[in-house]
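Tertiary structure, described
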Amino acid sequence: MTDPNHSTDDSGIDYGLDRRRVIQALGAGVGLSAFSGIASAHGDEDESDGRIPVDRLQDGNALVSDHEVHPVYGFSSQVAKVAPPVEPDHEVQALISQGEGGAGFFFEPTGLYVEPGDTVKFTMATPHHNVVAYHPQFGYQRRIPRLVPPFSGPLLPQGGYWLYTFEKPGVYEMNCAPHEIFGMAMRIVVGEVSGPAADPLPDLCAQPPGGGEGGGEGGESEGPSLRPPGLTAYTVLSDPAMAPDRIVERGSVSWEEIDPQNRQVFVQVEGFPPCGPSGGAEG
Ligand SMILES: [Cu+2]
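All of these numbers come straight from a predicted model, not from anything done at the bench.

1. Structural notes on the packing of aromatic side chains
Evaluated as defined, the whole model comprises twelve aromatic pairs. Taking 5.3 Å as the distance between ring centres and 40° as the angle between the ring planes, the aromatic pair formed by F105 and F182 counts as tilted. Residue F105 is located in strand 7 (residues 102-108), and its partner F182 is located in the loop between strand 12 (170-175) and strand 13 (185-190); the two are separated by 77 residues in the primary sequence. Owing to a relative accessible area of 13%, F105 belongs among the buried residues under this scheme. For F182, a relative accessible area of 23% puts it in the partly exposed group. Aromatic side chains W162 and Y164 sit 5.5 Å apart centroid to centroid with 15° between the ring planes, which places their arrangement in the stacked category. Each member of the pair, W162 as well as Y164, carries the same accessibility label: buried. Members of the aromatic cluster, each reached through a chain of ring pairs, are F107, F122, F151, W162, Y164, F166 and Y172. Positioned over the ring face of Y161 is K121, at 4.6 Å from the centre of the ring.

Encoded structure:
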């Protein structure tokens, strides 16, 4: 049996840059533990556009993660009025919609082309979202370029935002952890269609359902127990509208371009709340 805790050999990660940045940050007296930058709005707003420069945050109620876009943790702000440490090149909205089939959770655009070195701003237009890379150390099959570390952002409140700078060329797939299985996943092509996510997702119908055993065609070190994007995230990322070449061609792909069949929510909650005669849990 494969132990999932030991199946994700990723020794190729380049942590050198991270260490340097950690040292820089510590030297500047900025703790890397999340949300160390407690800042004040106290009328200390930027003279030009009403935004507070991140380097002027000192105390108060505006929470940010750091004063730079970190290569693993990005940059988080819990409020929109904090000016980002670098001007983003692109914006993606984290959205919730109410449709016929219940709530829809999605990134808009869902497919995006950027140049290497571009910074993307993920705006939390609705509450309770984050951004997580499909990386083996998170238990996923790798769907980002090799040597890119397992990057992610924290859960953010409505009005917050998260920045990430995409340095290495290739195809990146990411999800919002709370809403992945409802389809909240996206694909960003950085410069060129290359890397593990340039290939289609595995054909789930060609493998025994729920089995991981024997399915590791994509390389031993990634581990056959690692899972592909879950449920609606799988069908969204497999939709023809989201093909990496098409994203390059169009520049961006809207959630609306994805076949409604592939945006449907597969999760059906039954038996909750457990109020019936046979429904109560023991205890
Ligand atoms: Cu979400």
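2. Thoughts on the coordination of the copper ion
When a metal carries six donors in an octahedron, the ideal angles between them are 90 or 180 degrees, while four donors in a tetrahedron ideally lie at 109.5 degrees. Around the copper ion, the donor atoms from the protein are H129 (ND1), C176 (SG), H179 (ND1) and M184 (SD), and they sit 2.0 to 2.5 Å away. The site at the copper ion holds four donor atoms, and with the angles between them running 96 to 125°, its shape is tetrahedral. Of note, the copper ion draws all its donor residues from one chain, in the sequence arrangement H-x46-C-x2-H-x4-M.

3. Considerations on the confidence of the model for the protein chain
Here the protein chain averages 80 in pLDDT, and 72% of its residues register 70 or above. The low-confidence segment residues 1-47 (pLDDT under 50) makes 88 contacts with residues lying over four places distant or belonging to another chain. Under a pLDDT of 50 for its full length, residues 211-221 has, in the predicted model, seven contacts with residues more than four places off or in other chains.

4. Observations concerning the pairing of strand 13
The element strand 13 is largely enclosed, with a buried count of six among its six residues. Neither face of strand 13 is left uncovered, since the one carrying A185, R187 and V189 and the one carrying M186, I188 and V190 both have all their residues buried. Taken together, the four bridges between strand 8 (residues 111-114) and strand 13 define a ladder with parallel strand orientation. Bridging across to strand 13, L112 finds its partner in I188.

5. What about the environment of I188?
Residue position: I188 is located in strand 13. Classification of I188 by relative accessible area gives buried; the value is 0%. Sequence separation between I188 and S252 is 64 residues; the distance between their C-alpha atoms is 8.8 Å. Each residue touching I188, except ones within four places of it in the same chain, is listed here: L112, V114, V120, F122, F166, G170, V171, Y172 and M174.

6. So, the sheet that holds strand 13
Across a sheet, paired strands are connected by hydrogen bonds in the backbone, their directions being either parallel or antiparallel. Taken together, the five strands give an open sheet; going across it, the order is 10-12-13-8-14, and neighbouring strands pair in mixed fashion. Here the strands that pair on one side only, and so sit at the sheet edges, are strand 10 (132-133) and strand 14 (252-253). Pairing of strand 8 with strand 14, which is carried by two bridges, proceeds in the antiparallel orientation. Directly across from G111, in strand 14, lies its bridge partner V253.

7. Considerations on a nonpolar patch on the surface
Together, I181, L231 and F266 line one region of the surface with nonpolar side chains, adding up to about 230 Å² of accessible area. Structurally, the position occupied by F266 is in the segment after helix 4 (260-263). F266 gets classed as partly exposed once you look at its relative accessible area, which sits at 35%.

8. Thoughts on the pattern of salt bridges
One pass over the full model with this rule turns up six salt bridges. A salt bridge links E87 to R51, with the nearest nitrogen and oxygen atoms 3.0 Å apart. Of this pair, E87 sits in the loop between strand 5 (82-83) and strand 6 (90-99) while R51 sits in the loop between strand 1 (37-39) and strand 2 (52-53), and the two are 36 residues apart along the sequence. The closest approach of N and O atoms between R250 and E257, which form a salt bridge, is 4.0 Å. Several salt bridges converge on common partners, so that one network encompasses R143, E173 and R187.

9. Some thoughts on the nonpolar core
Ranked by internal contacts, the top residues of the largest apolar core, which has 25 residues, are F107, F122, F151, F166 and I188. When contributions to this core are tallied by element, the ones reaching two or more residues are strand 6, strand 7, strand 8, strand 9 (118-124), strand 11 (161-166), strand 12 and strand 13. Counting 20 residues, the second-largest nonpolar core is a separate cluster that includes Y113, M242, I247 and I258.

Thresholds, definitions, all that
Residues numbered from 1 in each chain as written. Predicted model: local features only at pLDDT ≥ 70, side-chain atom pairs only at ≥ 80, totals over all residues. Heavy atoms only, no water. Phe/Tyr/Trp six-rings, centres within 6.5 Å; stacked < 30°, edge-to-face > 60°. Helix = DSSP H or I, 4+ residues; strand = E, 2+ residues; numbered from the N terminus. Buried < 20%, exposed > 50% of the residue type's maximum accessible area, 1.4 Å probe, protein only. Lys NZ or Arg CZ within 6 Å of the ring centre and 35° of its normal. Donors = N, O, S within 2.8 Å, 3.2 Å for Na, K, Ca; no water. Tetrahedral: all angles 85-135°; square planar, octahedral: opposite > 155°, others 65-115°. pLDDT = per-residue confidence, 0-100. Contact = heavy atoms within 4.5 Å. Pairing = 2+ DSSP bridges. Patch = residues over 30% accessible without salt bridge, like charges linked within 9 Å, V, L, I, M, F, W, Y side chains within 5 Å. Areas by Shrake-Rupley, 256 points an atom, 1.4 Å probe, with all protein chains shown as cover. Salt bridge = Lys/Arg side-chain N within 4 Å of Asp/Glu carboxyl O. Core = buried A, V, L, I, M, F, W, Y, C linked by side-chain atoms within 4.5 Å.

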